[in-house]
Amino acid sequence: MYVILFVGLTLFFYYVLYLKKAEGGEDESAIMLPIARFLCFSGSVAFFAWMLFDLDPLYWLAVYSVICLAFCFQAKRKKAILLCMFLFLYIARIPMTEASILAHMNEQERYACVHDLECVEVTSSVGPDGAYRTKVERYDVDTSVTWYGLFSIGLMDMIGDDGTKKTITSVNIGGYWIDL
C-alpha cells in the first residue's frame, strides 16, 4: 500500500514540476531554474519516502534540498517560505509516540525493552576476585511522551519486582534524545 502511495506522490510531483503548463500558456519550467526544480522534486520525494518507509538518510536528503533551494532563490519572500519549509522538516522529526522513547532505551546498552510494558536492565561488573558478573533486573514500564512543537519530553517510570522505582526523563530536540 505504501509503495503505491509513494509511486503516486512521485508521479504527482513530477507532473507539477516538469510537465504542467502555466495558466497563461507559459511553460513553468522556463520560469524556475532547472536545479531548483530538481531540488524541489528530490526534496519532496525524499520527505514523503522518509515518512512512509522510515529511512533516515532520506530525511537528510530533504533537509539538504531545502537548504540548497535557499541558495538558488534571491527574493526574501521565497527565502521566508523556505525557512518555513525547514521549520516544518524540523518539527516533523520530533516524535509524538511512546514507541520512540522505548526505541531510545533499546539503543542504550543498559536497557532492553522487548515489550511495551516491561524492560530489563542489564548491569555487568568485575568482582574483587576478577570474575565477570552480570545482573539482570526486570521492570514494569509506564511511558509517556509530551509533544511541545519544537521539542518533546519523554518520561519512563520503571517499577522493579522488589518495588524499587526509577524515573528516566529524556528530551527530544530535532529527533535526537538527550537523557536528563
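Above this text you will find the structure in question.
Residues numbered from 1 in each chain as written. Predicted model: local features only at pLDDT ≥ 70, side-chain atom pairs only at ≥ 80, totals over all residues. Heavy atoms only, no water.

Colleague: Help me understand the pairing of strand 2 (residues 118–126), please; the structure alone is not making it clear to me.
Modeller: Look at any regular strand and the pattern is simple: side chains alternate between the two faces of the sheet. By the bridge criterion, two bridges tie strand 1 (residues 111–112) to strand 2 in an arrangement that is antiparallel. Paired with Tyr 111 across the two strands is Glu 121, which belongs to strand 2. Linking two consecutive strands that pair antiparallel, namely strand 1 and strand 2, is a turn of five residues. Relative to strand 3 (residues 132–147), strand 2 runs antiparallel, the two being bridged by nine bridges. When the bridges of strand 3 are listed, Val 122 appears paired with Val 136. Hairpin connection, strand 2 to strand 3: the antiparallel pair is bridged by five residues, and Gly 130 has positive phi, about 90°. (Pairing = 2+ DSSP bridges. Helix = DSSP H or I, 4+ residues; strand = E, 2+ residues; numbered from the N terminus.)

Colleague: Is there a simple way to think about the pattern of salt bridges in this case?
Modeller: A side chain with one charge may pair with a side chain of the opposite charge, provided their charged atoms come close. Using the criterion set out here, one finds seven salt bridges in the structure. Notably, a salt bridge pairs Arg 133 with Asp 129, separated by 3.6 Å at the nearest N-O pair. In this structure Asp 129 comes out as exposed when scored by relative accessible area, which is 58%. Each of Glu 118, Arg 138, Asp 140 and Asp 161 takes part in one network of salt bridges that share partners. (Salt bridge = Lys/Arg side-chain N within 4 Å of Asp/Glu carboxyl O. Buried < 20%, exposed > 50% of the residue type's maximum accessible area, 1.4 Å probe, protein only.)

Colleague: Just checking my understanding: could you explain the environment of Phe 86 for this structure?
Modeller: Structurally, the position occupied by Phe 86 is in helix 5 (residues 76–92). When the C-alpha atoms of Phe 86 and Ala 70 are compared, they prove to be 10.0 Å apart, with 16 residues separating the residues in sequence. The contacts of Phe 86, once residues within four sequence positions are left out, are Val 63, Val 66 and Ile 67. (Contact = heavy atoms within 4.5 Å.)

Colleague: Would you take a moment to explain a negative patch on the surface for this structure?
Modeller: On the surface, Glu 98, Asp 116, Asp 142 and Asp 157 cluster together to form a negatively charged patch. Accessibility expressed as a relative area gives 58% for Asp 116, which makes it exposed. (Patch = residues over 30% accessible without salt bridge, like charges linked within 9 Å, V, L, I, M, F, W, Y side chains within 5 Å. Areas by Shrake-Rupley, 256 points an atom, 1.4 Å probe, with all protein chains shown as cover. Lys, Arg positive; Asp, Glu negative; His and termini not counted. Charge placed at Lys NZ, Arg CZ, Asp CG, Glu CD.)

Any functional reading would require information that these geometric values do not contain.
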